[in-house]
Amino acid sequence: MEELQLIPVKTRILTPQDDIVDAIEQYAKDQIGPNDVVSVAESVVAITQGRAVRPEELNPGILARIMCRFVPQKGSMSSIYGMQAAMNVEGEWRMFFAMLVGMLGKLVGRSGLFYELAGPQAALVDDVTGTMPPFDKHIVYGPDNPEGVAEAIKKRFGCYGAVVADVNDLKRARVVGITSGLEPQKVAKILIDNPFGNASQMTPVVIIRNYAQAEARVVEHSQA
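Residues numbered from 1 in each chain as written. Predicted model: local features only at pLDDT ≥ 70, side-chain atom pairs only at ≥ 80, totals over all residues. Heavy atoms only, no water.

### Examining the domain arrangement of the protein chain
Looking at the protein chain, the domain boundaries give domain 1 (5–49 + 143–223) and domain 2 (52–139). The C-alpha centroid of domain 2 is placed 26 Å from the C-alpha centroid of domain 1. (Domains from an automatic or database assignment.)

### Structural notes on the packing of aromatic side chains
Geometry of an aromatic ring pair is reported as the spacing of the ring centres plus the angle between the planes. Counted under the stated rule, the structure contains three aromatic pairs. For the pair tryptophan 93 and phenylalanine 96, a centre-to-centre distance of 5.5 Å together with 90° between the ring planes defines the contact as edge-to-face. Of this pair, tryptophan 93 and phenylalanine 96 are both found in helix H5 (residues 92–107), three residues apart, which corresponds to roughly one turn of the helix. When its relative accessible area of 60% is taken as the criterion, tryptophan 93 is described as exposed. (Phe/Tyr/Trp six-rings, centres within 6.5 Å; stacked < 30°, edge-to-face > 60°. Helix = DSSP H or I, 4+ residues; strand = E, 2+ residues; numbered from the N terminus. Buried < 20%, exposed > 50% of the residue type's maximum accessible area, 1.4 Å probe, protein only.)

### A word on the nonpolar core
Membership of the largest hydrophobic core comes to 39 residues, with the highest contact counts inside it found for Ile20, Ile24 and Ile153. Apart from residues no more than four positions distant in its own chain, isoleucine 20 is found in contact with Leu14, Val40, Val44, Val45, Thr48 and Val149. The next biggest cluster of nonpolar side chains, apart from the first, holds 21 residues, and it includes Ala64, Met77, Met99 and Tyr141. (Core = buried A, V, L, I, M, F, W, Y, C linked by side-chain atoms within 4.5 Å. Contact = heavy atoms within 4.5 Å.)

Below, the structure is given as structure tokens:
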């Protein structure tokens with residue numbers, strides 16, 4: 001019985017002139033089977049959608065300069081530019097309110113409220129150096145309509161499913177767009193070791209081979 005495998009797909013540097021589904025067809029069409037799940041890095045999807053801005057194009061306000069000081073340094077929101085970029089999309093006062101509630105939540109042992117309330121871009125914005133060159137000098141927003149992107153990938157290649165995923169080297173994986181019938185937590189667990197290579201590796205697409213068979217085995221064992 002075939003085992004589940006992760007197959008990184010090497011591409012060239014993808015830019016706003018590219019369509020992500022066309023790029024997958026160019027570099028991976030012959031590798032994708034009907035039992036596979038195609039996963040693609042959310043930052044690369046966003047780049048192909050033109051959702052990147054240089055820091056000098058932003059004008060950080062007082063709120064961004066103050067609020068970023070209360071975010072741990074490992075997060076994009078710890079940068080004045082990352083914070084302002086998210087504010088430009090989600091709204092300054094929404095994020096200010098989210099931070100106040102988040103601080104109060106921590107006092108009673110409830111963490112993560114800021115990102116729950118601030119809107120999706122607060123978690124998805126990548127600060128400079130957060131993605132592949134030459135876009136490591138840009139702020140990259142989260143992708144637009146990631147569910148639609150996933151569905152378009154599945155429709156084009158006839159695969160078992162597709163996901164747009166936000167994964168990093170800190171053992172954090174989150175599915176931001178997924179086709180119907182897949183469970184985001186299961187796919188995120190498979191991708192937890194970050195098989196994507198958004199820098200010199202240029203492997204922003206990963207095929208989860210034999211996913212359907214692996215899922216079927218899990219069902220069989222649960223019914224045994």
